[in-house]
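Working through the structure, step by step
In case you want the letters, here they are:
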Amino acid sequence: MSKDMLLWDETLFSNGEILEFDYLPDYFVHRDSQMQSLRFSLKPALRGMRPVNCLVKGPPGTGKTTAVMKVFNEMKEYTDNVVFVKVNCQMDSTRFAVVSRIYEQLVHITPPSSGVAFRRLFEKVIKYLLDANKTLVVALDDINYLFPEGHADEVMYSLLRAHEQYPGARISIIAIISDVGIPYRFDPRVGSVFLPEEIAFPRYESDEIGDIIDNRIRHAFFQDVVSSEARDKVVSYVDMTGDLRIGIDLLKRSGLNAERRARRTVSVEDVEKAYEASRLLHLCRNIKSLSDHEKTLLRLIAKDSSLQTGELYKAFHEITGLGYTRFYEIIEKMHVSRLINADFSGKGMRGRTRYVEPVPDSKDILKCLE
Ligand SMILES: Nc1ncnc2c1ncn2[C@@H]1O[C@H](COP(=O)(O)OP(=O)(O)OP(=O)(O)O)[C@@H](O)[C@H]1O
């Protein structure tokens with residue numbers, strides 16, 4: 001065995017857990033104004049008032065969820081009168097699933113998944129809050145996943161209008177939107193009660209990315225394991241995608257790659273190889289937030305980009321039974337979100353296009369659709 005071979009108990013990571021996605025970092029910087037806005041919005045809860053609703057939005061991996069969780073944790077130190085619940089809408093994507101998750105986190109009992117009506121469960125949640133005289137703050141994380149089937153409006157409407165039916169109920173919402181360019185809008189009935197404080201999370205600047213990545217490297221790896229070239233490569237990939245999650249994933253994967261090659265340092269090649277997997281994170285998350293019909297159409301386009309739109313529509317209609325209008329709505333939406341390229345320039349054919357081609361690599365799209 002070569003003397004450079006790493007043994008089972010040898011590793012390049014001094015504290016690898018901090019590269020896991022669910023790790024809440026102690027070192028969280030460059031988000032002071034956003035944290036401050038969140039604090040001000042939630043502060044009324046300390047005096048028994050309903051907090052101000054928030055709409056937190058920005059591109060993927062810009063620290064939205066982390067900021068909300070950090071502020072929740074800070075507030076928990078101050079008060080027992082507020083309950084904070086985070087719902088991951090990617091996993092809980094219906095009104096029933098959202099309220100089940102809330103119930104579970106309040107009462108610490110998982111409700112049965114069938115046989116209970118939404119209303120009954122929701123009443124139990126409200127009764128708990130009223131009996132305990134507590135305010136509920138719900139963070140609906142990645143609420144994008146509730147948009148395609150219209151569940152976002154249902155969920156928001158039920159939560160925000162609860163006090164009309166149950167006087168004294170205090171519930172507020174922090175809606176977290178991962179802005180991937182897909183247009184969205186709430187139903188006007190929701191809009192009139194939501195009235196949120198909007199908190200924007202812009203992409204990080206290069207030096208901010210460098211600072212955050214350096215800190216992770218310092219704490220996750222043993223000293224001098226990550227070469228400065230490899231570090232720069234990670235930063236440049238994050239800069240390119242704007243997604244810090246990709247950078248953290250790259251650090252983990254490139255460290256594992258180096259270990260696999262029995263090296264004691266992480267090189268640029270390890271990072272490049274890791275990027276093959278990490279870059280799909282973005283695309284796959286994007287694709288996951290599409291509805292089933294949208295995925296069906298994207299799959300058809302990725303499988304054969306030479307199809308004329310007439311043929312494409314026919315194939316789509318055969319599978320889904322949906323008509324022209326819906327077909328073009330989906331084409332337009334995926335065009336806006338840069339999943340496909342459609343040429344809408346034809347004269348007198350507003351909303352019609354002859355050309356549709358995938359923007360990302362077809363193979364990558366199909367991989368994410370698997
Ligand atoms: N300012 C920061 N300092 C340290 N780590 C950060 C910072 N911002 C983000 N991160 C890290 O980047 C990763 C992504 O952050 P987070 O999940 O909060 O992003 P997000 O904006 O909610 O993403 P998405 O829209 O995709 O859900 C997390 O692992 C988080 O720890």
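Residues numbered from 1 in each chain as written. Predicted model: local features only at pLDDT ≥ 70, side-chain atom pairs only at ≥ 80, totals over all residues. Heavy atoms only, no water.

In the nomenclature of an unreviewed UniProt entry, the chain corresponds to ORC1-type DNA replication protein from the organism Methanolobus mangrovi. Quoted verbatim from the Sequence similarities (unreviewed entry) heading of the UniProt record, the comment on the chain is "Belongs to the CDC6/cdc18 family." Here the chain is described in UniProt, under the heading Function (unreviewed entry), as follows: "Involved in regulation of DNA replication." (UniProt positions renumbered as here; feature names shortened; annotations may be inferred.)

Within the chain one finds 15 helices and seven strands. Within the span of the chain, comprising 370 residues, buried residues form 46% of the whole. In the chain, once contacts between residues fewer than 6 apart in sequence are set aside, the share between residues at least 24 apart is 72%. Across the chain, the centroid of the 51 positively charged side chains sits 5 Å from that of the 53 negatively charged ones. (Helix = DSSP H or I, 4+ residues; strand = E, 2+ residues; numbered from the N terminus. Buried < 20%, exposed > 50% of the residue type's maximum accessible area, 1.4 Å probe, protein only. Contact = heavy atoms within 4.5 Å. Lys, Arg positive; Asp, Glu negative; His and termini not counted. Charge placed at Lys NZ, Arg CZ, Asp CG, Glu CD.)

Let us now look at the packing of aromatic side chains. Under the defined criterion, the tally for this structure stands at 13 aromatic pairs. When the centroid spacing of 3.8 Å and the interplanar angle of 5° are considered together, the rings of Y237 and Y275 count as stacked. Separated by 38 residues along the polypeptide, Y237 in helix α9 (residues 228–241) and Y275 in helix α11 (residues 268–288) bring together distant segments of the chain. Each member of the pair, Y237 as well as Y275, carries the same accessibility label: buried. (Phe/Tyr/Trp six-rings, centres within 6.5 Å; stacked < 30°, edge-to-face > 60°.)

This part takes up the sheet that holds strand β4 (residues 171–178). Read across the sheet, five strands follow the order β2-β3-β4-β1-β5 without closing on themselves; strand pairing throughout is parallel. A single partner strand is all that each edge strand has here, and the edge strands are β2 (82–88) and β5 (197–200). For this sheet, the mean inter-axis angle between neighbouring strands, taken without regard to orientation, is 15°. As judged from the five bridges shared by strand β3 (residues 135–141) and β4, these two strands associate in the parallel manner. (Pairing = 2+ DSSP bridges. Axes fitted to C-alpha atoms, helices over the stretch in contact; angles between N-to-C directions.)

On to the pattern of salt bridges, then. Evaluation of the coordinates by the stated rule reveals 23 salt bridges. For E74, the salt bridge goes to R39, with nearest N and O atoms at 2.7 Å. Here E74 is found in helix α2 (residues 64–78), whereas its partner R39 is found in helix α1 (residues 32–42), with 35 residues between them in sequence. A salt bridge links R279 to D364; the nearest nitrogen and oxygen atoms lie 2.5 Å apart. Here R279 is found in helix α11, whereas its partner D364 is found in helix α15 (residues 362–369), with 85 residues between them in sequence. Residues participating in the shared-partner salt-bridge network are E294, R326, E329 and K333. (Salt bridge = Lys/Arg side-chain N within 4 Å of Asp/Glu carboxyl O.)

Let us look at the site of the ligand. Taken together, 20 residues lie around the ligand, and T65, T66, S178, Y204 and R285 are the ones closest in. In this structure, an oxygen atom belonging to the ligand sits 2.7 Å away from a side-chain N or O atom of K64. At a separation of 2.5 Å, an oxygen atom of the ligand approaches a polar side-chain atom of T66. Taking a 2 Å distance to the grid points as the criterion, the majority of the atoms of the ligand fall inside the largest pocket. Elements with a contribution of two residues or more to the shell around the ligand: α2, α8 (206–220) and α10 (244–260). (Near = heavy atom within 4 Å. Polar contact = N/O pair within 3.5 Å; in protein donor to acceptor, adjacent residues only side chain to side chain. 1 Å grid on protein atoms, 1.4 Å probe; cavity = no way out; pocket = protein on both sides within 12 Å on 5 of 7 lines; lining within 4 Å. Sits in = over half its atoms within 2 Å of the grid points.)

Turning to the UniProt feature "binding site: ATP" (unreviewed entry) in the chain, a few remarks are in order. In the numbering used here, UniProt assigns the feature "binding site: ATP" (unreviewed entry) to T62, G63, K64, T65, T66, Y204 and R216. Set against the largest pocket, the annotated residues named above that line it are T62, G63, K64, T65, T66, Y204 and R216. As for its placement among the helices and strands, T62 is situated in the loop between β1 (54–58) and α2. A relative accessible area of 0% places T62 in the buried class. Filtering out sequence-adjacent residues up to four positions away, T62 remains in contact with R31, F201, P202, R203, Y204 and G242. Within the element layout of this structure, Y204 appears in the loop between β5 and α8. Owing to a relative accessible area of 7%, Y204 belongs among the buried residues under this scheme. Residues contacting Y204, with those up to four places away along its chain left out, are F28, V29, H30, R31, G61, T62, G63, I209, I212 and L244. At 3.2 Å, the side chain of Y204 and the side chain of R31 are in polar contact.

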